[in-house]
There are 2 protein chains.
Amino acid sequence: MEASSKEKALHQTVKVDLGNRSYPIYIGSGLLDQPELLQKHVHGKRVLVVTNSTVAPLYLDKVVDALTRGNPNVTVDSVILPDGEKYKNMETLMKVFDKAIESRLDRRCTFVALGGGVIGDMCGFAAASFLRGVNFIQIPTTVMAQVDSSVGGKTGINHPLGKNLIGAFYQPQCVLIDTDTLNTLPDRELASGLAEVIKYGLIRDAVFFEWQEKNMTALIARDPSAMAYAIKRSCENKAEVVSLDEKESGLRATLNLGHTFGHAIETGFGYGVWLHGEAVAAGTVMAVDMSYRLGWIDDQLVKRIHNILQQAKLPTAPPDTMTVEMFKSVMAVDKKVADGLLRLILLKGPLGNCVFTGDYDRKALDDTLRAFCKS
Amino acid sequence: MEASSKEKALHQTVKVDLGNRSYPIYIGSGLLDQPELLQKHVHGKRVLVVTNSTVAPLYLDKVVDALTRGNPNVTVDSVILPDGEKYKNMETLMKVFDKAIESRLDRRCTFVALGGGVIGDMCGFAAASFLRGVNFIQIPTTVMAQVDSSVGGKTGINHPLGKNLIGAFYQPQCVLIDTDTLNTLPDRELASGLAEVIKYGLIRDAVFFEWQEKNMTALIARDPSAMAYAIKRSCENKAEVVSLDEKESGLRATLNLGHTFGHAIETGFGYGVWLHGEAVAAGTVMAVDMSYRLGWIDDQLVKRIHNILQQAKLPTAPPDTMTVEMFKSVMAVDKKVADGLLRLILLKGPLGNCVFTGDYDRKALDDTLRAFCKS
């Protein structure tokens with residue numbers, strides 16, 4: 001009994017409330033050493049772990065052990081994909097299907113995504129599509145994936161003309177966040193994830209943003225308790241939004257603050273040259289600039305946002321090579337275009353408030369693009 | 001008012017009851033000349049018609065007219081795929097995404113599947129995955145698609161190792177069956193579709209089977225009223241089953257009578273050499289043979305099934321080149337395998353009764369395979 005209460009003490013649970021597709025997010029240190037947490041969400045006797053060449057040497061054995069310890073009926077196959085956003089495409093996705101079919105997995109199998117956002121998105125889409133849908137579990141190993149992409153069921157791959165244009169809404173059985181996996185994360189990846197943490201503060205949680213302003217140094221220094229709090233509060237924000245608007249009919253789109261500009265940077269600049277969060281940070285600065293031009297926020301807020309992004313060691317402008325035309329061509333195929341009109345997430349009012357709208361002066365958008373591009 | 005009641009007289013509606021995803025199946029002659037029927041299910045201002053090189057010259061203009069007549073705000077793009085089961089793969093699917101993205105379609109667009117089962121399955125999966133899901137409409141132009149594949153939301157593509165291994169459950173906004181499109185259907189395609197009509201009788205509708213025994217000559221001769229009745233009764237059967245078990249946890253699997261053997265023929269023999277319904281017919285004979293070996297049905301029923309398939313000009317045995325090993329290797333990756341055990345749909349009891357089970361004597365399966373294969 002004592003063991004059980006000890007284990008309970010080791011993790012916190014955030015619930016994503018989606019009726020009969022609800023699921024828990026477990027957050028804590030050493031969760032991969034608690035096999036029962038993972039095993040109770042495995043359906044059937046066959047598991048396919050989808051991971052990449054960076055994460056596999058670090059955590060694959062540990063995850064296989066967590067899946068099989070005391071559980072001899074389960075067999076685990078794995079597929080190791082090349083690492084990076086530029087491989088988030090149909091060709092790489094087919095490798096997951098090939099492995100699943102060669103391994104003769106059936107509908108009762110479980111796919112496990114072990115890695116960052118790219119692995120989670122691809123494994124999730126593979127799980128959504130293999131035999132028209134099998135169970136899956138997210139084990140995110142980056143801040144980006146832990147605070148954002150592993151939660152909420154958005155899955156998919158990129159098309160040469162745009163990010164995440166092919167995919168599915170497909171929810172996992174659980175998300176298991178072992179914060180110890182961050183110990184091996186490069187500094188740049190850490191900062192990239194913080195861009196999404198900052199986002200939650202800006203769009204809906206002023207108190208969280210103010211906490212971040214005080215604790216950014218601790219986060220950058222990987223202080224475990226600060227990091228655990230930031231992850232938990234981010235997951236709570238994400239879970240609330242997803243519960244209210246799973247399929248992104250409105251509210252959920254606000255999670256894309258900075259992402260429309262950011263996607264243009266990722267697509268135009270080449271997938272993976274900048275990390276997702278780096279592009280989102282620069283994109284956030286552009287959305288904030290546009291909000292300010294529209295007269296929707298004051299200059300104090302603009303300054304605070306610049307400051308916190310700089311503290312987090314994130315870029316505050318797009319790469320020099322980006323042109324107005326590159327932004328426009330990618331933004332034209334953005335998923336938030338509706339009947340030809342590009343809707344954007346912009347800040348409006350005091351800290352913690354935003355709007356998702358196509359009702360803005362086009363000149364402000366043009367001015368922002370020109371201000372951040374040399375041509 | 002009179003016009004409206006005339007129009008009503010021209011079609012019948014079968015409803016697929018799936019809560020907030022329910023949709024109508026319209027069945028009748030001349031429905032493509034009733035634009036309002038189609039237009040009321042189009043969302044947004046952009047439509048992508050997905051069709052093939054056989055159907056496009058026959059019906060694409062007609063469908064574009066039905067979509068746009070009196071509706072100038074709607075613009076229609078189209079993508080014409082090569083015709084045939086062998087093109088039901090990821091490479092062809094990508095052509096749909098390419099076209100949708102090049103045309104800058106957004107989330108409010110509607111995909112329209114115009115063609116047979118292959119087009120419906122691919123267009124449906126593309127609609128399920130493009131921007132994580134857009135609306136779609138089925139306009140089936142073959143008996144096969146009208147009585148079976150266009151109804152119920154199963155979408156997907158083949159993998160070199162097996163049929164329909166990659167896909168989604170994704171429901172259309174409506175299914176529009178203009179029975180006039182059958183006038184251009186080759187005889188062999190007509191017969192292929194009848195294999196699925198016969199299936200409904202065998203698994204759950206003895207009265208319908210008996211009607212077919214009396215009317216098979218009329219169906220083969222394309223008698224319009226016999227054909228309309230067969231389509232409607234088939235859709236009613238399919239709609240009932242899908243409403244009770246959308247995601248195929250049990251009951252829905254019974255619609256796959258003959259399909260496990262049939263898929264092996266299609267995969268082993270090469271996609272598209274035999275039509276789907278031809279493979280299903282031979283597969284049905286094999287499932288019936290196995291049911292008889294198990295002592296689950298009497299020899300009178302076996303004879304009636306042979307007779308009706310012969311009347312429908314369908315094969316009653318697999319191709320000579322199929323071997324026991326070819327059947328076994330494809331059946332091992334069938335979607336109905338669960339934890340290593342292949343579940344089959346077999347007839348049991350009087351006409352109109354079947355079971356979906358993995359609980360059968362393996363010897364009966366081996367004996368059936370050996371009886372139908374030379375090696």
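By convention here, each chain's residues receive numbers from 1 onward along its written sequence. Note on labels: chains are lettered from A, ligands numbered from 1, in written order. Only residues with pLDDT of at least 70 are given local features in this predicted model, and only at 80 or more are side-chain atom pairs given and counted; all residues enter the totals for whole chains, interfaces and linings. For side-chain calculations, the full set of non-hydrogen atoms in the structure is used, while hydrogens and water are omitted.

Structural notes on the UniProt feature "domain: 3-dehydroquinate synthase N-terminal" (unreviewed entry) in chain A
Piece 1. UniProt positions are given in the numbering used here, feature names are shortened, and annotations may be inferred rather than shown by experiment. According to UniProt, the positions carrying the feature "domain: 3-dehydroquinate synthase N-terminal" (unreviewed entry) are residues 79–191 of chain A.
Piece 2. Secondary structure elements follow DSSP: runs of H or I no shorter than four residues count as helices, runs of E no shorter than two count as strands, and numbering proceeds from the N terminus. Here residues 79–191 of chain A is 34% helix and 30% strand, with 28 Å between the C-alpha atoms at its ends.

Section: the interface of chain A and chain B
Piece 1. Only heavy atoms enter the contact rule, under which two residues are in contact if any of them lie within 4.5 Å. Of the residues lining the interface, 38 residues belong to chain A; the matching set on chain B comes to 38 residues.
Piece 2. Regarding the contact of chain A and chain B, the summed buried area is about 3700 Å², with carbon and sulfur atoms giving 58% of it.
Piece 3. The term salt bridge refers to a pairing of a side-chain nitrogen on Lys or Arg with a carboxyl oxygen on Asp or Glu at a separation within 4 Å. At the boundary of chain A with chain B, the tally comes to two salt bridges.
Piece 4. Polar contact criterion, stated in full: a pair of N or O atoms within 3.5 Å, where within protein one must be able to donate a hydrogen and the other to accept it, and residues adjacent in sequence count only if both atoms are side-chain atoms. Our count for the contact surface shared by chain A and chain B stands at ten residue pairs in polar contact (both at pLDDT 80 or more).
Piece 5. Sorting the residues of the side of chain A that touches chain B by element identifies α4 (90–102), α5 (117–129), β7 (154–159), β8 (162–169) and β10 (337–338) of chain A as the ones contributing at least two each.
Piece 6. Ten residue types, Ala, Val, Leu, Ile, Met, Phe, Trp, Tyr, Cys and Pro, are classed as nonpolar, four, Asp, Glu, Lys and Arg, as charged, and the remainder, Gly among them, as polar. Of the residues in the side of chain A that touches chain B, the class split is 17 nonpolar, eight polar and 13 charged. Note on definitions: buried area is the accessible-area loss of two parts on being combined, 1.4 Å probe, summed for both.

Details of the pairing of strand β6 (residues 135–140) of chain B
Residues and elements named next belong to chain B.
Piece 1. Under the scheme applied here, a residue whose accessible area is under 20% of the maximum for its type counts as buried, over 50% as exposed, and between as partly exposed, the area being computed with a 1.4 Å probe on protein chains only. For β6, the buried fraction is high: six of the six residues fall into the buried class.
Piece 2. Across the two faces of β6 the burial is the same, with Asn135, Ile137 and Ile139 and Phe136, Gln138 and Pro140 all buried.
Piece 3. Judged from the six bridges that link them, strand β5 (residues 110–115) and β6 form a sheet pairing that is parallel. Each bridged residue has a counterpart across the sheet, and for Leu114 the counterpart in β6 is Ile139.
Piece 4. Viewed along the sheet, the connection from β5 through helix α5 (residues 117–129) into β6 turns out right-handed.
Piece 5. One requirement defines pairing of two strands: DSSP has to find at least two bridges between them. Relative to strand β9 (residues 174–178), β6 is paired through two bridges, and the arrangement is parallel. Paired with Gln138 across the bridge in β9 is Val175. Handedness rule for crossovers: strands pointing away from the viewer, path from the first strand over the helix to the second running clockwise, crossover right-handed.

Considering helix α13 (residues 324–331) of chain B
Residues and elements named next belong to chain B.
Piece 1. Buried residues of α13: Val324, Phe327, Val330 and Met331, and no others. In a view along the axis of α13, the buried residues occupy a sector of 145°, so they form one face of it.
Piece 2. Buried residues in α13 make contact with α10 (259–269), α11 (276–293), β10 (337–338), β11 (341–342), β12 (344–347) and α14 (362–372). In this description, the arc belongs to the directions extending from the helix axis to the C-beta atoms.

A look at the sheet that holds strand β4 (residues 75–81) of chain B
Residues and elements named next belong to chain B.
Piece 1. In spatial order, the strands read β1-β2-β9-β6-β5-β3-β4; together these seven strands make up an open sheet with mixed pairing. Each edge of the sheet is formed by a strand with only one pairing partner; in this case those strands are β1 (11–16) and β4. Across this sheet, the average inter-strand angle for adjacent strands is 20°, counted without regard to direction.
Piece 2. Inspection of the sheet shows strand β3 (residues 46–52) paired to β4 by seven bridges, in the parallel sense. Each bridged residue has a counterpart across the sheet, and for Leu48 the counterpart in β4 is Asp77.
Piece 3. All axes here are fitted lines through C-alpha atoms, helices being fitted over the stretch that makes contact, and every angle between N-to-C directions spans 0 to 180 degrees. Strand contacts of helix α4 (residues 90–102): β3, β4 and β5, with the helix running at about 160° to β4, the strand carrying the most contacts.

A word on the pattern of salt bridges
Residues and elements named next belong to chain A.
Piece 1. Scanning the model with the defined rule gives 52 salt bridges over all chains in all.
Piece 2. With a shortest N-O distance of 3.8 Å, Glu210 and Arg304 are connected by a salt bridge. Residue Glu210 is found in helix α8 (residues 206–220), and its partner Arg304 is found in helix α12 (residues 299–311); the two are separated by 94 residues along the sequence.
Piece 3. Judged by its relative accessible area of 33%, Glu210 falls in the partly exposed class.

Description of the environment of Met144 of chain A
Residue and element names in this part refer to chain A.
Piece 1. Along the polypeptide, Met144 turns up in helix α6 (residues 143–149).
Piece 2. Classification of Met144 by relative accessible area gives buried; the value is 9%.
Piece 3. With near-sequence residues (within four places) excluded, Met144 lies in contact with Ser149, Ser192, Gly193, Glu196, His276 and Gly277.

With respect to the nonpolar core
Piece 1. Residues belong to a common nonpolar core when they are buried Ala, Val, Leu, Ile, Met, Phe, Trp, Tyr or Cys residues joined through side-chain atoms within 4.5 Å. Phe261 and Phe327 of chain A are the most contacted members of the largest nonpolar core, which totals 79 residues.
Piece 2. With residues near it in sequence (within four places) discarded, Phe327 of chain A still touches Phe261, Ala264, Ile265, Met286, Pro318, Met322, Leu369 and Cys373 of chain A.
Piece 3. Core analysis: the next-biggest nonpolar cluster, separate from the first, contains 77 residues, Phe261, Ala279, Met286 and Met322 of chain B among them.

Remarks on empty space enclosed by the protein
Residue and element names in this part refer to chain A.
Piece 1. Two kinds of site are reported from a 1 Å grid over the protein atoms alone, namely cavities, where a 1.4 Å probe fits but cannot get out, and pockets, open sets with protein on both sides within 12 Å along at least five of seven lines, and residues are called lining when an atom falls within 4 Å of a point. Grid points are joined across faces, edges and corners, and a volume is the space filled by probe spheres set on the points. This structure, assessed with the given rule, holds three cavities of 30 Å³ or more.
Piece 2. Forming the boundary of the largest cavity are Gly162, Lys163, Leu165, His263, Thr267, Val330, Val333, Asp334 and Lys335.
Piece 3. Elements supplying a minimum of two residues to the lining of the largest cavity: β8 and α10 (259–269).
Piece 4. Here the residues of the lining of the largest cavity sort into three nonpolar, three polar and three charged.

Looking at the side chain of Asp121 of chain B
Piece 1. Structurally, Asp121 of chain B can be placed in helix α5.
Piece 2. A polar atom in the side chain of Asp121 of chain B sits 2.7 Å from the side chain of Lys88 of chain B.

What about the relation of the copies chain A and chain B?
Piece 1. In screw terms, the move from chain A to chain B is a rotation of 180° and a rise of 0.0 Å along the axis, fitting with an RMSD of 0.0 Å. Overall, the copies show the geometry of a two-fold rotation axis. No C-alpha of chain A approaches the rotation axis more nearly than that of Met90 of chain A, which lies at 4.2 Å.
Piece 2. Most of the interface of chain A is mirrored in chain B, where 100% of its interface residues again form contacts. Superposing the copies works by least squares over the C-alpha atoms of residues that have pLDDT at least 70 in both of them.

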